[in-house]
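Tertiary structure, described
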There are 2 protein chains.
Amino acid sequence: MTAVDARAVSPASAAPIDPRRAWQVVLQHIEADLLAGRLVPGDHLPAERTLASELGVGRSSVREALRVLEVLGLIRTQTGSGPQSGAIIVARPSGGMSSLMRLQVAAQGFDVRDVVKTRLVLEAAVVTELAEASGARVDGLDLGPAVELLDAMDADGRVSEAEFLALDAAFHLALAELSGNAVIASMMAGLRNSIESYVLAGVPNLPSWAETSGRLRHEHRSIVDAIETGDAELARGRVRAHITGYYTETNFISAPADPLTR
Amino acid sequence: MTAVDARAVSPASAAPIDPRRAWQVVLQHIEADLLAGRLVPGDHLPAERTLASELGVGRSSVREALRVLEVLGLIRTQTGSGPQSGAIIVARPSGGMSSLMRLQVAAQGFDVRDVVKTRLVLEAAVVTELAEASGARVDGLDLGPAVELLDAMDADGRVSEAEFLALDAAFHLALAELSGNAVIASMMAGLRNSIESYVLAGVPNLPSWAETSGRLRHEHRSIVDAIETGDAELARGRVRAHITGYYTETNFISAPADPLTR
DNA sequence: CAGGCCGTGTGGTCAGACCACAGCATATGC
DNA sequence: GCATATGCTGTGGTCTGACCACACGGCCTG
């Protein structure tokens, strides 16, 4: 079988032409298996060579489709033999979201200011959700995972700027995960990831890192307090001030306030 | 040059081993070019064969990277010769966002309910933004592109259910685009796309399509009215009711209200 | 029975060969 | 002189076959 067979043959084509490219055939086949429940997280995909012969395409086309699935965070591949080898369904969205947003920012498809605005919207929604969930329970909500990160940031002087900002990102991500919404959590991870280099580049613009980091730590605590108190309005306001404050201080964003978060 | 040269050679490796896989080398190379501004939307990527020899990898590895970029919405490829052929930077995020979310939903990485919740959050943010932007101007805001879609939906009886829902999706997307935030707009496109099949599948659950579609059309108009009036609070409430109402009616979502949107 | 060895199947990569296609330069016709 | 037809050239799209490194698991050996 040669390439011409798999696609179109002008005169009286016995087999109907397939406008899809070979790798799309593979992708859609796997997607259909996922939708039908024939493939669930943890399952192995057939071997590349098997998939190729089953679908009547070349192995390279299969690999192009698998590469897409891998970048999108749907599969994990590993060489060798045994239970852990091959392509396994994992469904980890954050990696794909990060790649997508990072590249779109790089390609000027996304404006950095829009990324920040969007983060503001999602972050506000997250703390609102958490605060109301906390207020609805007599014993409050367990923000342990997030608070642990704050404790780590309190190791004053022993945390570099990059480490501090990484912990900061992890804290906000932890809040998103605590809200239980995987979609928002992965979006936040992607948004933050896509502008990470810009955030780091803004540090030298700060008048005093010690002062800023101290303020950030205090603001984090106050956000947690507002959530635990169940005061959604307060939590939303504080998280908005927290984020816009930092970006304004690093001359990153011009607009001090944003109506979207209200 | 064989595969072993490109990767590791155990004894006294003259060239340092590269833990990255070949396609990642290509991807990062292109990303670096984008970040440095050496590649901007509209530019052509080097030919696959050229890229391969320049980076010292095989053409198949280059193609795997290009495939990823294509699915992520960064490039567009075309065969033949001339100015329109080859791989061209386009930076259209919505396609990649749709693929990502659709596949993650299929692979159970995203819960459909979380998708709806997230859409609620973003949609509320969009109309809030629009209403405040409109209220700040004496002449209001031009919602023309969105209203045109509503007019198309008013061709009662001559619009199939699928067409109606497509117009519905386009309307909401138009609002997001009018807000000027490309990040949110592409997210909305992806979210909607990822649950499109579920939305269509829910139509038979409706007691009366005529009644429901009529209500939806009325709600759309009322949302537009609220935006043009500049009443953000009202617009937010209406859009929330609009979305939750439909999903509740199709037995799609159990929770009638969601605190995230308040 | 324990340890080491090797077969086997996996993904990772490359090289080379075609194909269809689109543009453009050239040649050919009027 | 102009318009049309022709073929060349370079592009992505695809397949095939060949290696490699690797990890497991059964087998053999001590």
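This write-up is about the structure you can find in this document. (Residues numbered from 1 in each chain as written. Chains lettered and ligands numbered in written order. Predicted model: local features only at pLDDT ≥ 70, side-chain atom pairs only at ≥ 80, totals over all residues. Heavy atoms only, no water.)

1. Let's talk about the overall build of chain A
Which entries qualify depends on this criterion: Working definition: helices are DSSP H or I runs of at least four residues, strands are E runs of at least two. Numbering for both runs from the N terminus. A simple rule labels every residue: compare its accessible area, found with a 1.4 Å probe on the protein chains alone, to the largest value its type can have, and call it buried under 20%, exposed over 50%, or partly exposed in between. The contact definition used throughout considers only heavy atoms, calling two residues in contact when any of these lie within 4.5 Å. Areas reported here follow the Shrake-Rupley algorithm with a probe of radius 1.4 Å; residue values treat only the protein chains shown as occluding.
Within chain A, the regular secondary structure consists of 12 helices and two strands. The linear arrangement of helices and strands in chain A, starting from the amino end, is α-α-α-α-β-β-α-α-α-α-α-α-α-α. Taking all 262 residues of chain A together, 50% fall into the buried category. Put simply, of all contacts in chain A between residues at least 6 apart along the chain, 66% involve residues at least 24 apart. By element, 53% of the accessible surface of chain A is carried by carbon and sulfur atoms, the whole surface being about 11,700 Å².

2. Examining the protein's contact with DNA strand D
Going by this rule: Whether a residue is near a molecule or strand is decided by its heavy atoms; if any one of them lies within 4 Å of it, the residue is near. Two N or O atoms form a polar contact when they lie within 3.5 Å of each other; inside protein one atom must be a possible hydrogen donor and the other a possible acceptor, and for residues adjacent in sequence the pair counts only when both atoms belong to side chains.
In the vicinity of DNA strand D there are 31 residues, among which Arg21(A), Ala22(A), Gly58(A), Ser61(A) and Arg59(B) approach most closely. In the interface set of DNA strand D, defined as its atoms within 4 Å of the protein, sugar plus phosphate atoms amount to 63%. A distance of 2.7 Å is found between a phosphate oxygen of DNA strand D and a backbone nitrogen or oxygen belonging to Gly58(A). Here a phosphate oxygen of DNA strand D sits 2.6 Å away from a polar atom, N or O, in the side chain of Ser61(A). At the level of secondary structure, the elements contributing two or more residues to the surface near DNA strand D comprise α2 (22–35) and α4 (59–71) of chain A together with α3 (48–55), α4 (59–71) and β1 (75–78) of chain B.

3. Points about the relation of the copies chain A and chain B
Threshold: The copies were overlaid with a least-squares fit restricted to C-alpha atoms from residues scoring a pLDDT of at least 70 in each copy.
When chain A is fitted to chain B, the best match, at an RMSD of 0.1 Å, comes from turning it 180° and sliding it 0.0 Å along the axis. Taken together, the rotation angle and the small translation identify this as a two-fold axis. By residue overlap, the copies meet face to face through one surface: 98% of the interface positions of chain A are interface positions in chain B.

4. Observations regarding the environment of Leu178(B)
All names here are of chain B. Along the chain, Leu 178 turns up in helix α8 (residues 161–178). With 34 residues separating them along the chain, Leu 178 and Gly 144 place their C-alpha atoms 9.6 Å apart. Ignoring any residue separated from it by four or fewer positions in sequence, one finds Leu 178 in contact with Leu 130, Asp 142, Leu 143, Pro 145 and Ala 146.

5. Some details on the side chain of Arg192(B)
Residue and element names in this part refer to chain B. Of note, Arg 192 is situated in helix α9 (residues 182–194). Here the side chain of Arg 192 touches Asp 168 through a polar contact of 3.5 Å, side chain to side chain. Apart from residues no more than four positions distant in its own chain, Arg 192 is found in contact with Arg 119, Leu 165, Asp 168, Ala 169 and Val 199.

6. Considering the interface of chain A and chain B
For the record, the criterion: Values labelled buried area give the accessible surface lost by two parts on being combined, using a 1.4 Å probe and summing over both. Definition used for salt bridges: Asp or Glu carboxyl oxygen within 4 Å of a side-chain nitrogen of Lys or Arg.
Each side of the interface is counted separately: chain A has 59 residues, and chain B has 59 residues. Between chain A and chain B, roughly 5,200 Å² of surface is buried when both sides are summed, and carbon and sulfur atoms account for 66% of that area. In this assembly, chain A and chain B are joined by eight salt bridges. Residues Arg21(A) and Glu70(B) are paired through a salt bridge, measuring 2.1 Å at the closest nitrogen-oxygen approach. Remark: the boundary between chain A and chain B carries 16 residue pairs in polar contact (both at pLDDT 80 or more).

7. Remarks on helix α11 (residues 209–229) of chain A
Going by this rule: Under the convention used throughout, the expected extent of a helix is 1.5 Å for every residue step, that is, one less than its residue count.
Compared with the 30 Å implied by 1.5 Å per residue over 21 residues, the 30 Å span of α11(A) between its first and last C-alpha is a close match. Among the residues of α11(A), Trp209(A), Thr212(A), Ser213(A), Leu216(A), Arg217(A), Glu219(A), His220(A), Ser222(A), Ile223(A), Val224(A), Ala226(A) and Ile227(A) are the ones counted as buried.

8. Some points on the packing of aromatic side chains
Rules: Geometry of aromatic contacts follows a simple scheme: Phe, Tyr and Trp rings, the Trp one being its six-membered ring, pair when their centres are within 6.5 Å, and the pair is stacked under 30 degrees between planes, edge-to-face over 60, tilted otherwise.
Across all of its chains, the model carries four aromatic pairs over all chains by this definition. On the numbers, 5.9 Å between centres and 70° between planes, the contact of Tyr246(A) with Tyr247(A) is edge-to-face. Look at Phe164(B) and Trp209(B): their rings are 5.4 Å apart centre to centre, the planes differ by 85°, and that puts the pair in the edge-to-face class. Here the residue Phe164(B) occupies a position in helix α8, and Trp209(B) occupies one in helix α11 (residues 209–229), the gap between them amounting to 45 residues.

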